[in-house]
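Residue-level listing of the chains:
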Amino acid sequence: MSEIASAQLTISLSAQLESCGLWPWAVFVCLHLKSPSFVRRAVKDIIGRHIGLESDELAERFLLTQLGVPKEWIEEARATKALNSFIPKLQAVSLIAAGNYDLAHEVICDQLAPEAILSETYEELEEVLA
């Protein structure tokens, strides 16, 4: 089988699993793509579509321990969901967990800190900075 046909078959099977609600297994299938850049993009796309704002212990444990997906990819996806849901605290926490400190700093300085200072509620800001 040619490399292109193999990739098409892999992506097709992954899409079928995802449409059946078996998105962690779709990630597993995508891990078998030949090109590391295709693997990274496909896995991040699937995680981005299905990861929730709250942690799904079972699915995340499977991704991390069984499949070896980097925790940073999961946290990046959660940060994006938090951005789209207008939850800056979760976005900052997820960005810190993903190791994206520069962007987390921007979120804290541009959104969390001014709101905490104006409302004089420093606990939330303190939690993030701790």
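The model shown is predicted, which means the values in this text are computed figures rather than measured ones. (Residues numbered from 1 in each chain as written. Predicted model: local features only at pLDDT ≥ 70, side-chain atom pairs only at ≥ 80, totals over all residues. Heavy atoms only, no water.)

Participant: Quick one: what's the story with the state of the cysteines, residue by residue and with numbers?
Facilitator: Within the structure shown, the criterion is met by 0 disulfides. Cysteine cysteine 20 shares no disulfide, and the gap to the nearest cysteine sulfur, in cysteine 30, comes to 14 Å. (Disulfide = S-S within 2.5 Å.)

Participant: Quick rundown of the packing of aromatic side chains? Include the residues and the values.
Facilitator: If you walk through the whole model with that rule in mind, you get 2 aromatic pairs. Taking 5.6 Å as the distance between ring centres and 80° as the angle between the ring planes, the aromatic pair formed by tryptophan 25 and phenylalanine 28 counts as edge-to-face. Here tryptophan 25 and its partner phenylalanine 28 are both found in helix α2 (residues 23–30), 3 residues apart, which amounts to about one turn of the helix. Among the residues examined, phenylalanine 28 registers a relative accessible area of 33% and is labelled partly exposed. Among the residues examined, tryptophan 25 registers a relative accessible area of 42% and is labelled partly exposed. (Phe/Tyr/Trp six-rings, centres within 6.5 Å; stacked < 30°, edge-to-face > 60°. Helix = DSSP H or I, 4+ residues; strand = E, 2+ residues; numbered from the N terminus. Buried < 20%, exposed > 50% of the residue type's maximum accessible area, 1.4 Å probe, protein only.)

Participant: Break down the pattern of salt bridges for me, citing the residues and quoting the values.
Facilitator: Between side chains of opposite charge, a pair can form as their charged atoms come close. Under the counting rule described, the total for this entry stands at 7 salt bridges. Between glutamate 75 and arginine 78 there is a salt bridge, with the nearest N and O atoms lying 3.3 Å from each other. With glutamate 75 and arginine 78 both in helix α5 (residues 71–84) and 3 residues apart, this pair spans about one turn of that helix. Looking at glutamate 75, the relative accessible area reads 8%, which means it is buried. A relative accessible area of 4% places arginine 78 in the buried class. By sharing partners, the salt bridges in this structure join Glu60, Lys71, Glu75 and Arg78 into a single network. (Salt bridge = Lys/Arg side-chain N within 4 Å of Asp/Glu carboxyl O.)

Participant: So, the nonpolar core: which residues are in play, and what are the values?
Facilitator: Counting residues in each nonpolar core, the largest one holds 21 residues, and the members touching the most others are Trp23, Val27, Val43, Ile47, Leu63 and Val69. Those elements that provide at least two residues to this core are α2, α3 (36–50), α4 (57–66) and α5. Once residues lying within four places of it in the same chain are set aside, the contact partners of leucine 63 are Trp23, Pro24, Val27, Ile47, Gly68, Val69 and Ile74. Listed in part, the 11 residues of the second largest apolar core include Ala79, Ala104, Leu112 and Ala116. (Core = buried A, V, L, I, M, F, W, Y, C linked by side-chain atoms within 4.5 Å. Contact = heavy atoms within 4.5 Å.)

These values are about where atoms sit, not about what they do.
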